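Each chain, written out:
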Amino acid sequence: MNFKISLEKSPIGYTVINKDKNFLYANPSFCTFVGHSLKTLNSKTFSDITYPADIEKGSRDFERLIRGEITEYRLQKRYIHKSGEVIWGDLFVSLIQDDGETNGFTVLTSIIDITERKRSSKALEDHEAFMSHAEEIARMGSWEWDIVKNVTRWSENLYQLFKVSPENTKVSFEYFLSKVHPDDRYMITEGYDQLVQQKRKMVLEHRILLPDNEIMWIQNSIKPFFENGKMVGLRGVNLDITKRKRTEAELIKSKEKAEESDRLKTAFLQNISHEIRTPMNGILGFMQFLQEPNITSDERKEYIDIVNQSGARLMNTVNDIIKISKIESGINEINITDVNTEEVLLYNFNFFKALAEKKGLNLMLSEKSLSGATAIIQTDNTKLEGILSNLINNAIKYTKEGSIEIGNYREGNNLVFFVKDSGIGIPKDRINSIFDRFIQVDDQLARTYEGVGLGLSIAKAHIDILGGNIWVDSIIGNGSTFFFSIPYVPVKLEHIPKETPLDKIPKNTTVLLAEDDRISFLYCSKLLQKQGITVIHAKDGASAIDKFKENKSVSLVLMDLNMPIMDGLVATRQIRSFNSNIPIIAQTGLGFREDKVKAFEAGCTDYISKPIDSAKLILMIKKHLHK
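What you are looking at is a predicted structure, and each value in this text was computed from that prediction instead of being measured.

**Q** Please give an account of the overall build of the protein that cites residues and values.
**A** A tally of helices and strands in the protein yields 19 helices and 22 strands. With 627 residues in all, the protein has 42% of them scored as buried. A separation threshold of at least 6 residues defines the contact pool for the protein, and within that pool the share at least 24 residues apart is 58%. With an accessible surface of roughly 36200 Å², the protein has 51% of that area assigned to carbon and sulfur atoms.

Encoded structure:
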């Protein structure tokens, strides 16, 4: 009787069931646990209130219990509350023998409600899973170090960050330190001392050595723990900041590059100002001297030479600015023709020979260079001459004594040109930057040598367009050798044009000179008159058409493209509407390729840009008059 009273008042749920799991008894605590009355339970079995997925759970042990193989067993399983809620119970099952009956028995069960414990455990598991997932997303991992017991624990994600497996890695403070980049280990040892002294959280940023020589940057946030004033443990979070560090490095690099670009552009503008004002000073100053009445013939010759040199220097500066502007704007087009590289080398050799000898330098043309038919290839003649001109001019500029050698040789499918000098040489740390715009060999040299620092960048841009490469071998103080390659595309022999010598300009030649600028007209008219040519002047396109119609003796038209009232393009089209044979040479101060294209489309026979090279113009006139 006392036992039954104890069951009735027990906070633990008790039941008595038979071998078919029918309820014979259930105390109030069990009825409360499942939400059913004893009367309702009498019409149910244990399986009826068990969560479906857990019905088979423990069935094997129950069968063994009935057969007498075991006397008790224990397990945790889920049940269905009357409300439909899933509840958890810690079940203990034991066999009770019935006295007086053969093989008679009943089964006593006790159940402790562990629903809240399971929910708390599940919430903790969910929280840990959430934190682990958050760590994984944020590319971070946590750790703790019990200093007293010298036990270190890492989160699963920290193993993943370090790209090691928990099974094969025994973590410790020493192991972590071995993974820190050697140059950063002092931060950890010094940081430990600071933690002991300052007793507050610390954040370090350092590198970690990963497998396969990979490096990871981490932000290491460390919090110390103290007992009785002694540091007993550390906890921390390691955040992967590799991407941030790379971005910072790229930003710093970009900032430095932008600052360097600004510095170079400022220096470039200063050089431009210097390279324009200096020759202008020479031109204007010595032109004033030439106007003085008492100068000697020797002085006059000297002053004229200075004016010519200053004009050539100014023209080089303007040409470089135009060329780099074309490159910057992407209109640096290519014009492939048959080019005799032997003649190109010979022309440059003769052109620069006097300048080299004036400095006491020996300019040499390599005897091993290509000659004859093998020297004739398809390339852009203007760009090839410009590249060689820049390199030879630089060699003369930066060589104080000794020699300069130019030439070329065949190498596979490329034709390699070289310019070798015994000049000042180039420091190794500057070789990669000399082809950048606005760069000279040394910033200090800008005060010693003429130029705006564009020559090599222009040459490289032209070589790139031609499909070649440029490189340099140099020893400081012992000179430099610049090489550049272009594709070797030979011309078939039958396509090589035969040169025919040009005769003198025929007598009674009349040229219609359409030019609105007075100084340009005076220059061209004097040049033509020295060749015995009669000049008819037209100040605009409309006047040019009228004078061409009035003068049947006109042998050639020299047409400026930029004139008032009617420009040269319109005038050329109108002349072509009634005369398709007269040679018309376009002349312009713009010098862009699109102007040349427009001139030919309008009907011009040839094209020359200002400032006009007198020899080139006369040769052009001869060519068209003899056709």
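**Q** I'd love a proper account of empty space enclosed by the protein, names of residues and values included.
**A** Taken as a whole and assessed by the stated rule, the structure comprises 2 cavities of 30 Å³ or more. Here the largest cavity is characterised by a volume of approximately 200 Å³. Along the wall of the largest cavity there are 16 residues; nearest its centre are Trp 143, Trp 145, Phe 173, Phe 176 and Leu 234. Per-element tally for the lining of the largest cavity: the top contributor is helix 8 (residues 185-198), with 4 residues. Partitioned by chemical class, the residues of the lining of the largest cavity number 11 nonpolar, 5 polar and no charged. In this model, the second largest cavity occupies a volume close to 170 Å³. Ranked by the residues each element gives to the lining of the second largest cavity, the list is headed by strand 3 (residues 72-80), at 3 residues. Partitioning the lining of the second largest cavity into residue classes produces 8 nonpolar, 5 polar and 3 charged.

**Q** Could you give an account of the sheet that holds strand 8 (residues 202-209), with specific residues and numbers?
**A** Taken together, 5 strands build an open sheet; the order of strands is 7-6-10-9-8 and the sheet is antiparallel. Lying at the two open borders of the sheet, with one neighbouring strand each, are strand 7 (151-154) and strand 8. Neighbour-to-neighbour, the strand axes of this sheet turn through a mean angle of 25 degrees, independent of strand direction. Pairing between strand 8 and strand 9 (residues 215-227): 8 bridges, direction antiparallel. Paired with Arg 207 across the two strands is Trp 217, which belongs to strand 9. Where helix 8 meets the sheet, it contacts strand 6 (140-146), strand 8, strand 9 and strand 10 (230-240), and its direction lies at approximately 155 degrees from that of strand 8.

**Q** Please set out the packing of aromatic side chains residue by residue, giving values where relevant.
**A** A full pass over the atoms with the stated rule returns 22 aromatic pairs. Judged by centre distance (5.8 Å) and plane angle (45 degrees), the rings of Phe 23 and Phe 30 are tilted. When the ring of Phe 286 is compared with that of Phe 289, the centres are 5.3 Å apart and the planes differ by 90 degrees; the resulting orientation is edge-to-face. Here Phe 286 and its partner Phe 289 are both found in helix 9 (residues 242-290), 3 residues apart, which amounts to about one turn of the helix.

**Q** Can you break down the confidence of the model for the protein residue by residue, with the values?
**A** Of all residues in the protein, 88% attain a pLDDT of 70 or more, and the chain-wide mean is 85. Low pLDDT, under 50, characterises residues 441-448; the predicted model gives this stretch 12 contacts beyond four residues in sequence or across chains.

**Q** Quick one: what's the story with the sheet that holds strand 16 (residues 469-475), residue by residue and with numbers?
**A** Sheet architecture is open: 5 strands sit in the order 12-14-15-17-16, paired in mixed fashion. Looking at which strands have only one partner, the edges of the open sheet turn out to be strand 12 (362-365) and strand 16. When the angles between neighbouring strand axes are averaged without regard to direction, this sheet yields 15 degrees. Pairing analysis gives 8 bridges linking strand 14 (residues 403-411) to strand 15 (residues 414-421), with the strands arranged antiparallel. Paired with Asn 408 across the two strands is Phe 417, which belongs to strand 15. Most of the contacts of helix 11 (residues 341-358) go to strand 12, to which it runs at about 170 degrees, and overall it touches strand 12, strand 14 and strand 15. In the packing of helix 14 (residues 455-466) onto the sheet, contacts are made with strand 16 and strand 17 (479-487), and the angle to strand 17 comes to roughly 25 degrees.

**Q** How would you explain the side chain of Thr 152 if you had to name every residue and give the values?
**A** Mapped onto the elements of the fold, Thr 152 is located in strand 7. By relative accessible area, which is 15% here, Thr 152 ends up buried. Ignoring any residue separated from it by four or fewer positions in sequence, one finds Thr 152 in contact with Glu 144, Trp 145, Val 171, Ser 172 and Phe 173.

**Q** Tell me about the packing of helix 11 against helix 12 (residues 381-397), residues and numbers included.
**A** For the pair helix 11 and helix 12, interaxial distance at closest approach is 10 Å and the crossing angle is 30 degrees. In terms of orientation, helix 11 lies roughly parallel with respect to helix 12. Classified by chirality, the crossing of helix 12 by helix 11 is right-handed. Residue-level contacts link Thr 341, Val 344, Leu 345, Tyr 347, Asn 348, Phe 352, Leu 355 and Ala 356 of helix 11 to Asn 381, Leu 384, Glu 385, Leu 388, Ser 389, Ile 392, Asn 393 and Ile 396 of helix 12. Split into classes, the residues belonging to the contact of helix 11 with helix 12 amount to 10 nonpolar, 5 polar and 1 charged.

**Q** Just give me the short version of the pattern of salt bridges, but keep the residues and values in it.
**A** The tally for this structure, following the rule as stated, stands at 21 salt bridges. Across the salt bridge formed by Asp 90 and Arg 74, the nearest N and O atoms sit 2.6 Å from each other. With Asp 90 in strand 4 (residues 86-97) and Arg 74 in strand 3, this residue pair connects regions lying 16 residues apart in the sequence. With a relative accessible area of 7%, Asp 90 lands in the buried category. On the accessibility criterion, Arg 74 (57% relative accessible area) is exposed. A salt bridge links Lys 383 to Asp 380; the shortest N-O distance between them is 3.6 Å. The exposure classification of Lys 383 matches that of Asp 380, with both residues buried. Put simply, Asp 61, Arg 64, Arg 67 and Glu 69 are held in one network by salt bridges that share partners.

**Q** Describe helix 11, naming the residues involved and giving the relevant values.
**A** Since the α-helix advances by 3.6 residues per turn, residues separated by three or four positions end up pointing in the same direction. Along its 18 residues, helix 11 runs 26 Å from first to last C-alpha, staying within 8% of the 26 Å computed at 1.5 Å per residue. At Phe 352, helix 11 shows its maximal kink, close to 40 degrees. Listed in full, the buried residues belonging to helix 11 are Thr 341, Val 344, Leu 345, Asn 348, Phe 349, Phe 352 and Ala 356. Along its buried surface, helix 11 packs onto strand 11 (337-340), strand 12, strand 13 (376-379), helix 12, strand 14 and strand 15. If you check the start of helix 11, you find a side-chain oxygen 3.0 Å away from the backbone N of Glu 342, and it comes from Asn 340. Among the residues trailing helix 11, Gly 360 stands out with phi positive, at a value near 80 degrees.

**Q** Would you mind going over the packing of helix 16 (residues 541-550) against helix 17 (residues 568-576) in detail, with residue names and values included?
**A** At a closest axis distance of 8 Å, the pairing of helix 16 and helix 17 adopts a crossing angle of 25 degrees. With respect to helix 17, the axis of helix 16 lies roughly parallel. Taken as a pair, helix 16 and helix 17 cross one another with a handedness that is right-handed. Of helix 17, the residues touching helix 16 (which contributes Gly 541, Ile 545 and Phe 548) are Ala 571, Gln 574 and Ile 575. In terms of residue class, the contact of helix 16 with helix 17 is built from 4 nonpolar, 2 polar and no charged.

**Q** Lay out unusual backbone geometry with the relevant residues and their values.
**A** Lys 610 connects to Pro 611 through a cis peptide bond whose omega is 0 degrees. Along the chain, the position of Pro 611 falls in the loop between strand 22 (606-609) and helix 19 (614-625). Phi is positive for Asn 150, close to 55 degrees, though the residue is something other than glycine. Within the secondary structure layout, Asn 150 lies in the loop between strand 6 and strand 7.

Procedures and definitions
Residues numbered from 1 in each chain as written. Predicted model: local features only at pLDDT ≥ 70, side-chain atom pairs only at ≥ 80, totals over all residues. Heavy atoms only, no water. Helix = DSSP H or I, 4+ residues; strand = E, 2+ residues; numbered from the N terminus. Buried < 20%, exposed > 50% of the residue type's maximum accessible area, 1.4 Å probe, protein only. Contact = heavy atoms within 4.5 Å. Areas by Shrake-Rupley, 256 points an atom, 1.4 Å probe, with all protein chains shown as cover. 1 Å grid on protein atoms, 1.4 Å probe; cavity = no way out; pocket = protein on both sides within 12 Å on 5 of 7 lines; lining within 4 Å. Points joined across faces, edges and corners; volume = space filled by probe spheres on them. Nonpolar A, V, L, I, M, F, W, Y, C, P; charged D, E, K, R; others polar. Pairing = 2+ DSSP bridges. Axes fitted to C-alpha atoms, helices over the stretch in contact; angles between N-to-C directions. Phe/Tyr/Trp six-rings, centres within 6.5 Å; stacked < 30°, edge-to-face > 60°. pLDDT = per-residue confidence, 0-100. Parallel < 35°, antiparallel > 145°, perpendicular 65-115°, else oblique. Left-handed = near helix turned anticlockwise from the far one by under 90°. Salt bridge = Lys/Arg side-chain N within 4 Å of Asp/Glu carboxyl O. Expected span 1.5 Å × (residues − 1). Bend = angle between axes of the 7 residues up to and from the residue. Polar contact = N/O pair within 3.5 Å; in protein donor to acceptor, adjacent residues only side chain to side chain.

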